[in-house]
Structures are given as C-alpha cells and as structure tokens.
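Next come the chains, spelled out residue by residue.
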Amino acid sequence: MSMAILIRLAMLALLAVFLVQPEVFAPFFALFTTRGAPPIYVQSDLLSLALNHMAIVVTAVLGATVIAVGLAVLVTRPNWSEFLPLSRALANIGQTFPPIAVLALAVPAMGFGNGPTLVALFLYGLLPIFENTMTGLSNLPPTVQEAARGMGMSDRQRLWQVELPLAMPVILGGVRLSTVIAISTATIGSTVAARTLGEVIIAGLLSNNIAFILQGGLVVGAIAVLVHDGFVALERRMSRRAGQG
Amino acid sequence: MIELQSLTKIYDGVTVVDDVSLTINSGEIATIVGTSGSGKTTLLRMINRLVQPSSGRILIDGEETSSIPAYELRRRIGYAIQGHGLFPHRSVGRNIGTVPRLLGWKQARIAARVDELLDLFGLEPGEFRDRMPHELSGGQQQRVGVARALAAGPNILLMDEPFGALDPIIRAKAQDDLLAIQRRIGTTIVLVTHDMNEAISLGHNIAVMDQGRLLQFAPPADIIARPGTPFVEALIGSEDRPFRMLALQRVRDLIEKGPASGPAIDAWANARAAYAELLWSGREAAPVQEGGAPVGRITRAALQSQAEKPV
Ligand SMILES: Nc1ncnc2c1ncn2[C@@H]1O[C@H](COP(=O)(O)OP(=O)(O)OP(=O)(O)O)[C@@H](O)[C@H]1O
Ligand SMILES: [Mg+2]
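Residues numbered from 1 in each chain as written. Chains lettered and ligands numbered in written order. Predicted model: local features only at pLDDT ≥ 70, side-chain atom pairs only at ≥ 80, totals over all residues. Heavy atoms only, no water.

Labelled according to an unreviewed UniProt entry, chain B appears under the name ABC transporter ATP-binding protein, originating from Paracoccus onchidii. Listed in UniProt under the heading Sequence similarities (unreviewed entry), the comment for chain B reads: "Belongs to the ABC transporter superfamily." (UniProt positions renumbered as here; feature names shortened; annotations may be inferred.)

The name an unreviewed UniProt entry assigns to chain A is ABC transporter permease, from the organism Paracoccus onchidii. Quoted verbatim from the Subcellular location (unreviewed entry) field of the UniProt record, the comment on chain A reads "Cell membrane".

Now the structure itself:
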C-alpha cells in the first residue's frame, strides 16, 4: 500500500472518530479556548450534522449533473447546436450569481431550512459540469465516432455506448469540482437554518470560540479532500482503462 | 455485386467525387488508388452512406442503397476505417462483437464468433480477448479492426488504407492473410490504398482516381500494359512496368520440361521473385518444386517474355 493511500486512510479514521466521539479530541481543541470555554461543540450531534450536510451536497450535485449533462448532450446534437449560447449563458449565471444572494432570494419563497441551500448549491454546480461535459463530448477521437457510425450504431446507441463512456473521465472531473465547491459552500446554509456543519463555525463566530471554528473548518476540509481524492482515483482508473492515462 | 452509377459528391461547391461509375462483381476485390485528396475515402464512404452522395445511385445486388435505413445498411457492410478506430474503452472481444451485439445475437454465439475471428487473424483468443486496444501493437490493432469489420459475416467489406500504419514485412503478411481470408469466405472487398504495389497485388480490378475523377477501372495487367492516361502511367512508373507485370504471375503457370541445377524455386512464388533469383544466382534456369516434389524448371527466357508489353 502506498504512502498516499495510508495518509488518506489515517485521515478518514481521524474524521470518523471525531464525528462519533468528538470528546476524544477535547485536549487538543482546549489549546484554542480561553477562560474555560467548551473545547468541543456539543449543541448538536456532529455525525448527524455531517450526514445532513452531505445529503444536501449529494442531492444538489446529482440534480446539477442530470441537468448539466442533459443540456450538454442536447446542444452537442446537430439539430440543437443553436441552443448552445443560451445553455452556456444559463450555466454561467448559475455560477456568477453569489450563493449567499441566492439564499437571500430563496428564503422568502421557500422558507428557512434545507431548501434554499439546495437551490444555491444546485445553481452553483451547473457550470463546471456543463463545461466539462461539453469538452468531453466535443473532443472525442473522430475515427472512433466514424467507426461507431460505420458499424451501424443509431444516434442513441452512439451516445450511450461510445460518446458518454469516452467522455466520462472529463465529465467526472466537472462533477468533482462541483462537489468540492458544494461541500465548502454548504456551510453558509446554516445562516438560513439548513442543518450543515456551518452551524459549528457560526457557533464559534457568535461565541468567539476559535476551537469551534477550527473543528468545523477541519471537518469540512477533511471531507472535501477525501471526496476530491476519491474522484481523482476514479477518473484515473477510467482513463487508464481506455489507454488515455 | 456493387454498382456505382454516376456518383458525385460536392462539398461547398467543390466537386470531390466527379461522376464515378463502376461495377464490382461479387467475391472480387476492387482496389481504389490515387494521390492524397483524390476522393478515395469519400467514394468509399458513399457506399455505406457515411457520406450522402450529391447525385448518382448505388446498387447492392440490384437493390438501391438509399431505400435501406442507413444504420441497417451499415450493419450489413463491414467497414475497416483508416487508422483502425477501435473503441478505446472496450476490450478486444467487445470491439469485435460490436455489430453482432447491435444485431441482437445471443451472448454465446457472439463469444464463439469472437474467438473464431481471433483465431483466423492469428491472435490467441485466451490471450487477446480481454485486452484493451491500447495494449496491442499497431499491427494487432489493425487486425482487430478488420476482424471487427468481418464479425457479422458481411458480404461486403470496405477497407480504408487498412495496412497504412504497418511496416513492410508485417504489411506483406497482412496482405497475404487478407487474400487467404477473402478466398475462404468469398467477401466482396473494396480497398482504398495509396500504394500502387498494394493495389496491384490485391485487386482483381484497380480504380485509379485523380481529383475526384475515375481515370481507369481495369484489371492490373491492363492498367500496367495500357495505362489510360499519363497520370495512370506516371503512377505505375515506366521503369517498374516489366517487373509489375512479372509480379502478377505465378511460377507454376510458366513451368517447362528440361534440366536445371541449383536450389529449387517454389511453384507458388511470383514470377518477379523467380526472375530476381535467376539474375542473382547467374543461372539461366532453375528447378521448380511444388509441395517438395520436382515439377519441372523455369527459365529466364520464359520469364522475360512475360515481362514484355502484351500485344
Ligand atoms: N466533410 C468534408 N467537407 C469538406 N470537404 C471535404 C470533406 N471530406 C473530404 N473533403 C475534401 O474532399 C477531398 C477528398 O477527400 P478524401 O478524404 O476523399 O481524399 P482521399 O483520397 O481519401 O485522401 P487520403 O489519401 O489523404 O486519405 C479533399 O480535398 C478533402 O479536403
Ligand atoms: Mg482517405
């Protein structure tokens, strides 16, 4: 087993222990507290916060993937190419409109809770997936596509059997970007009462407790790094299998 | 039988295939030769409708191809693409099984067919079936590309410079293999090539293209002896003509009775190789053997008479 994998495993183990038994780390976080403030956030269960955090992320990214990949597939079909500028503009707006503003706008419509965060992450996640899918689908080896047509594959068969599988590593790269961004951005959802790990950080801000801010940040960071590396490993395996690695 | 009738393809006002008509008989090999950009690939692709003709008709066994849905037509015609075009994300076995799978064959039948073809192309099934294309040499990829084109047993095989990427030795072997396979299964083949030697040694008929026009469509001996235009003549090369004529013949057709000494020549060798051997060894005649048994002799005089321009 390589060093890199060992480090990841150690990180995963630390993360798991912290989420289940945070008190174990009390001596460490006590270093950052003053005047006997609590070193560990105990107002809610960290594990359930983390799970809810990830559930919001996964739902939003899944939704963004379906829509963004669907759009990219659509506008790379010959008869639909005129919709490319429009789709690109939509995805761009999703990315450039600040998530915090989306939250502010969504709360009056959807109320407090998970909903506004879900929408903000969904919109924010569209662009990387859309652009990567576009890149993946427009840079397929021409001889391979020609062969697929020459073998007598229908348009649909070509899409599912050749184009999407070949573009998959690049598409996954987009999903990875969106996921990692969503994991960290989800923290701001706590400002509108979504149950995410942002709650720990905000509690730290409100009570001036650096230990809380630190543990919230570290947990989110660790999850993001692990998810990122998982995606990279998957992408590598796929490209290597297709001889592109 | 493939009939091309007045086929024309125009791209943005440029005519890249210009009023080409020719007929290829069943079970024969037609080679298309010409300089780069002369329209060979375009002509070939019109046969399986990867390119839609601007005008003209294509009949296969009397049936007009435009009346058949394109994907269905293509499943009936094998296509070995320029630069093999294997699916990089699929194993060799899955690549070869592509068309049978599209046709809905049973798994067991596809697997048996894949192994049969791997055997036919000299690739040990157990070793190669599950490899990925990038784990093969260029020559092996090429063979898998041809095997894939043959998988569903098409009556027609279109090949676009199938041996372009191969070194001369592998290339000669691949050509021999193709001829042997073609004789065995009787497929009609249309093969595009840059290489006049390849066109001559493989084709029953050779189509010479230049700037979109078909200059000549004739058997190799005719093309060599009576080139239709200066371009065709230049393509053949006047200094090579006698030797190209010789290369078309087998020693076994030129055997005579009489004595000869020295190492024997195989009856199936081509006349050009036999002539080279006689020149090199300084002999006027050499014994000929077939299957190890002596069957007569071959003389320089007999070979020379074959190298002359036919009347
Ligand atoms: N889709 C296309 N659109 C416009 N022009 C094309 C297209 N396909 C081919 N051409 C042009 O048609 C001409 C013939 O091309 P084709 O590919 O048939 O040549 P070729 O004889 O196969 O050449 P090569 O030996 O280099 O493969 C070329 O000038 C090429 O630029
Ligand atoms: Mg070509």
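Now that the structure has been shown, the text picks up again.
## Here's the deal with the overall build of chain B
A tally of regular secondary structure across chain B gives 14 helices and 13 strands. Here chain B has a C-alpha radius of gyration of 21 Å; the compact-globule value for 311 residues is 19 Å, and the two agree. Along the three orthogonal principal directions, the C-alpha set of chain B runs to about 60 × 50 × 35 Å. For chain B, with 311 residues in total, the buried portion stands at 49%. (Helix = DSSP H or I, 4+ residues; strand = E, 2+ residues; numbered from the N terminus. Rg over C-alpha atoms; globule rule 2.2 N^0.38 Å. Buried < 20%, exposed > 50% of the residue type's maximum accessible area, 1.4 Å probe, protein only.)

## Observations concerning the pattern of salt bridges
Taken as a whole and judged by the stated rule, the model has 22 salt bridges over all chains. A salt bridge links Arg-76 of chain B to Glu-63 of chain B; its shortest N-O distance comes to 3.7 Å. Residue Arg-76 of chain B is located in helix α2 (residues 70-76), and its partner Glu-63 of chain B is located in strand β5 (residues 63-64); the two are separated by 13 residues in the primary sequence. For Arg-76 of chain B, a relative accessible area of 40% gives the class partly exposed. The class for Glu-63 of chain B is partly exposed, based on a relative accessible area of 37%. Notably, a salt bridge pairs Glu-233 of chain B with Arg-241 of chain B, separated by 3.4 Å at the nearest N-O pair. We classify Glu-233 of chain B as partly exposed; its relative accessible area is 34%. Among the residues examined, Arg-241 of chain B registers a relative accessible area of 29% and is labelled partly exposed. Three or more residues are tied together by salt bridges with common partners; here these are Arg-77, Asp-155, Arg-158 and Glu-163 of chain A. (Salt bridge = Lys/Arg side-chain N within 4 Å of Asp/Glu carboxyl O.)

## A few points about the interface of chain A and chain B
Listed by partner, the interface residues are 20 residues for chain A and 23 residues for chain B. Taking both sides of the interface into account, the surface hidden between chain A and chain B amounts to around 1,900 Å²; carbon and sulfur atoms contribute 63%. Area buried by chain A at its contact with chain B is led by Glu-146, Met-151 and Arg-241 of chain A, which between them contribute 31% of it. The interface formed by chain A and chain B contains one salt bridge. One salt bridge connects Arg-45 of chain B with Glu-146 of chain A, and the closest N-O pair in it is separated by 3.1 Å. Along the contact surface separating chain A from chain B lie six residue pairs in polar contact (both at pLDDT 80 or more). For the side of chain A that touches chain B, the elements supplying multiple residues, two or more each, are α7 (142-150), α8 (155-185) and α10 (210-241) of chain A. (Contact = heavy atoms within 4.5 Å. Buried area = accessible area lost by both parts, 1.4 Å probe. Polar contact = N/O pair within 3.5 Å; in protein donor to acceptor, adjacent residues only side chain to side chain.)

## Re the site of ligand 1
Residue and element names in this part refer to chain B. Neighbouring residues of ligand 1: 13 residues in total, closest Ser-36, Gly-37, Lys-40, Thr-41 and Thr-42. Within the backbone of Gly-37, a nitrogen or oxygen atom sits 2.8 Å from an oxygen atom of ligand 1. At 3.1 Å from an oxygen atom of ligand 1 is found a side-chain nitrogen or oxygen belonging to His-194. Protein chains shield 60% of the accessible area of ligand 1, which is 630 Å² for the free molecule. Counting residues per element, the shell around ligand 1 draws most heavily on helix α1 (residues 40-47), which supplies three residues. Looking at side-chain class alone, the shell around ligand 1 contains two nonpolar, nine polar and two charged residues. (Near = heavy atom within 4 Å. Areas by Shrake-Rupley, 256 points an atom, 1.4 Å probe, with all protein chains shown as cover. Nonpolar A, V, L, I, M, F, W, Y, C, P; charged D, E, K, R; others polar.)

## Some words on the UniProt feature "domain: ABC transmembrane type-1" (unreviewed entry) in chain A
Using the residue numbers shown here, the UniProt feature "domain: ABC transmembrane type-1" (unreviewed entry) corresponds to residues 50-231 of chain A. Summarising residues 50-231 of chain A: 81% helix, 0% strand, and an end-to-end C-alpha distance of 19 Å.

## Here's the deal with the pairing of strand β10 (residues 213-218) of chain B
Bridge count between strand β9 (residues 205-210) of chain B and β10 of chain B: five bridges; the pairing is antiparallel. Paired with Val-208 of chain B across the bridge in β10 of chain B is Gln-216 of chain B. (Pairing = 2+ DSSP bridges.)

## Focus: α8 of chain A
Helix length check: α8 of chain A (31 residues) gives 38 Å between terminal C-alpha atoms against 45 Å at 1.5 Å per residue, more than 12% under. Most pronounced at Met-168 of chain A, the bend in α8 of chain A amounts to some 55 degrees, and the proline Pro-169 of chain A follows within four residues. (Expected span 1.5 Å × (residues − 1). Bend = angle between axes of the 7 residues up to and from the residue.)

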